[in-house]
Amino acid sequence: MPALPAHVLLHIATTTGIDHRTANRNIRNSTCPRCRRTTLRALDDDICAADVRADPIPLTPLGETLAHQQHIPTYLVHLTGQKLQLENRHTPTLPRPPGTDVIPEHRCNNTWPYRVTHTESQLPKPATHTTPTDPPF
Ligand SMILES: [Zn+2]
């Protein structure tokens, strides 16, 4: 795909706040400029993406339902290669793929009841064992 002209990239950056140099699908830590809470930020799709700021709080299915009742979008967090990425949950009733989390869009000063959040992420854990290099193995 040909690169967009510089004046178009500048227009996108000034009207949407999306900087083409840093915006991509990979999740990065970010601080909300209004409430100063730690959030996760990434584009939510490859095409027609939104620059999403989400709370790093994995929701249970009940929590996701409550979020959608409050018109708060939710996002699937999944591993792509070695990178965590966001994907918009347009249909929250679909089952969640194993090894994924669902997190809500960030809303300043919003708190989630304890019972609707997972105490532990459902994402795969990094390997903790080591393979012996000396015989016998
Ligand atoms: Zn905020």
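For the structure, check the block above.
Each value, and the rule that gives it
Residues numbered from 1 in each chain as written. Predicted model: local features only at pLDDT ≥ 70, side-chain atom pairs only at ≥ 80, totals over all residues. Buried ≥ 20, exposed ≤ 12 C-beta atoms within 10 Å, placed from the backbone. Helix = DSSP H or I, 4+ residues; strand = E, 2+ residues; numbered from the N terminus. Arc of directions from axis to C-beta. Contact = placed C-beta atoms within 7 Å. Core = buried A, V, L, I, M, F, W, Y, C linked by C-beta atoms within 7 Å. Pairing = 2+ DSSP bridges. Axes fitted to C-alpha atoms, helices over the stretch in contact; angles between N-to-C directions.

Caption draft 1: Structural context of helix α2 (residues 61-69). Those residues of α2 that fall on the buried side of the exposure criterion are Gly63, Glu64 and Ala67. In a view along the axis of α2, the buried residues occupy a sector of 100°, so they form one face of it. Looking at α2, the residues exposed on the side facing more than 90 degrees away from the buried face are Leu62 and Gln69. Check the buried side of α2 and you find it contacts β4 (74-80) and β6 (101-104). One or two steps after α2, the chain reaches histidine 71, where phi turns positive at roughly 60°.

Caption draft 2: How the structure looks around the nonpolar core. Of all hydrophobic cores here, the largest spans 12 residues; its members are Ile27, Leu40, Ala42, Val52, Ala54, Leu59, Ala67, Tyr75, Val77, Leu86, Val102 and Ile103. Put simply, the parts of the chain that give this core at least two residues each are β2 (38-43), β3 (51-54), β4 and β6. When sequence neighbours within four positions are dropped, the list of residues in contact with valine 52 reads Arg41, Ala42, Asp44, Tyr75, Leu86 and Glu105.

Caption draft 3: Representation of the sheet that holds β2. Ordered by their spatial adjacency, 3 strands build an open sheet running β1-β2-β3, and the pairing between neighbours is antiparallel. The sheet terminates laterally at β1 (28-31) and β3, the two strands that pair on one side only. The mean inter-strand angle of the sheet, taken between neighbouring strand axes irrespective of direction, is 40°. Looking at chain direction, β1 and β2 are connected through 4 bridges and run antiparallel. Bridging from a neighbouring strand, threonine 31 pairs with threonine 38 of β2.

Caption draft 4: Summary view of the sheet that holds β4. An order of β5-β4-β6 is seen for the 3 strands of this open sheet, with the pairing classed as antiparallel. This sheet does not close on itself; its edge strands, each paired only once, are β5 (83-88) and β6. Strand-to-strand twist of the sheet, defined as the mean angle between neighbouring strand axes without regard to direction, takes the value 35°.

Caption draft 5: Region of interest: the pairing of β4. Here 4 bridges tie β4 to β6, and the two strands are oriented antiparallel to one another. From the neighbouring strand, valine 77 faces β6, where its bridge partner is aspartate 101. Strand direction decides the pairing type here: β4 and β5, joined by 6 bridges, are antiparallel. Considered in β5, the bridge of threonine 80 is made with lysine 83. The hairpin turn running from β4 into β5, its antiparallel successor, is 2 residues long, and glycine 81 in that turn takes a positive phi close to 65°.

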